[in-house]
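The lines below spell out each chain.
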Amino acid sequence: LNLSHYTMTMTMMAHRQLHSTVLRQIQRRSLTSSSAPKLPKSEAQQAKETAHGYIGRASKRGPVSWPLLGLAAVTAATGASYYAIERERRMEKAMGTVVSSESSSWSPGDGWAPRKFKLTKWGWFPEDHANTIPGKPAIGGTWSLVDMNGKIVTEHTYAGKYTLLYFGFARCPDICPSEMVKVGSILDQLKKEYPKLADQIQPIFVSVDPARDSIQALQEYAKDFHPDYVFLTGTPEQVQKMAKKYRVYVSKADETEDGDYLVDHSIVLYFHGEDGDMLDFFTQSMKPSDIVAKIHKAMTFVPSF
């Protein structure tokens, strides 16, 4: 905040200095042109200027000079710097708060889980996962939901499988269907290029709108997407708890008088290993081919040191 205040103060001072300098130069030009007598030009000088198209340096110069342009550039750069700092500050503040339809807000606290290390044949690695890098994000954890058959499932249900986890809701008009189709494309491409790897992957859809996404609603919704998908829902408390652990932003939006609404939520695809640890995550902007390449690399990784 001190840096932002300092940057704003410098910007305002630069604007004042630029304004004062422009006024002084305009006044100086005005006084010079009104007080200085114009000397008559000789016929030879006039003929020379006419032949070469010379207008005269004094008549071409305006109130803006190179120093003024430089000062304007510095002012613009200072303003842009302030905007970038303020934007980054607001983004960091927003990322530190997760809002759900069941609670006002929550603070995730430390973003990194404490790690213990042990010496392996490849060197020193985190104790709980000996083939990952230190500083693992504290994302994910234990959870309990219900599948389309009314059966309770947990993170242990899919142990031994790689999972692609996506949070969405059945009444989403565009983004969720688009992401679901993209996941289907990823699965089909994996089955074509790496069939043995594809058999080890389980795609999972978790509803962030449990009030409307009942088991029956999800059964209908599932008909439009890849057959390998598993659709999960639960009580608002169960869904909220899981969303918190995955740092998923969830909030009601555009609620109408008749009670209809949309749900704003994070658009992230989480990729987990056989032991449930998160290996990678993929954003909305990533292409299916790039995601396939990352999944293949993660599933075939062998330490070489």
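This text follows the structure it describes.
Parameters and conventions
Residues numbered from 1 in each chain as written. Predicted model: local features only at pLDDT ≥ 70, side-chain atom pairs only at ≥ 80, totals over all residues. Heavy atoms only, no water. Helix = DSSP H or I, 4+ residues; strand = E, 2+ residues; numbered from the N terminus. Buried < 20%, exposed > 50% of the residue type's maximum accessible area, 1.4 Å probe, protein only. Contact = heavy atoms within 4.5 Å. Areas by Shrake-Rupley, 256 points an atom, 1.4 Å probe, with all protein chains shown as cover. Axes fitted to C-alpha atoms, helices over the stretch in contact; angles between N-to-C directions. Parallel < 35°, antiparallel > 145°, perpendicular 65-115°, else oblique. Left-handed = near helix turned anticlockwise from the far one by under 90°. Nonpolar A, V, L, I, M, F, W, Y, C, P; charged D, E, K, R; others polar. Pairing = 2+ DSSP bridges.

In this structure, what is going on with the overall build of the protein? I would like to understand it.
Tallying secondary structure elements over the protein gives nine helices and 11 strands in all. By residue count, 33% of the 305 residues in the protein fall in the buried class. Considering only contacts in the protein between residues 6 or more positions apart, those separated by 24 or more positions represent 68%. By element, 58% of the accessible surface of the protein is carried by carbon and sulfur atoms, the whole surface being about 19,500 Å².

Sorry, what's going on with the packing of helix H5 (residues 175–193) against helix H9 (residues 288–299) here?
Describing two packed helices takes the angle between their axes plus the distance from one axis to the other. Contact pair H5 / H9: the axes reach a minimum separation of 9 Å and the direction vectors enclose 55°. Our classification of the angle between H5 and H9 gives oblique. In this structure, the crossing between H5 and H9 has a hand that is right-handed. Two secondary-structure elements touch here, H5 through Lys182, Ser185, Ile186, Gln189, Leu190 and Glu193 and H9 through Pro288, Ser289, Ile291, Val292 and Ile295. A per-class count over the contact of H5 with H9 returns six nonpolar, three polar and two charged.

Honestly, the sheet that holds strand E7 (residues 230–232) in this entry has me stumped. Any pointers?
In sheet architecture, strand pairing relies on hydrogen bonds along the backbone and comes in two forms, parallel and antiparallel. The mixed open sheet is built from five strands, whose spatial order is E7-E6-E5-E10-E11. The sheet is open, and its two borders are formed by E7 and strand E11 (278–283), each paired with just one other strand. Here the strands of the sheet are splayed against their neighbours by 25° on average, with no regard to which way each runs. Judged from the three bridges that link them, strand E6 (residues 201–207) and E7 form a sheet pairing that is parallel. Note on E7: the bridge partner recorded for phenylalanine 205 is phenylalanine 231.

Where do I start with the pairing of strand E9 (residues 262–265) in this structure?
The side chains of a regular strand alternate, first on one face of the sheet and then on the other. Of the two faces of E9, only the one carrying Val263 and His265 is buried; Leu262 and Asp264 on the other face are not. Here four bridges tie strand E8 (residues 250–253) to E9, and the two strands are oriented antiparallel to one another. Bridge assignment links serine 251 to a residue of E9, and that residue is aspartate 264.

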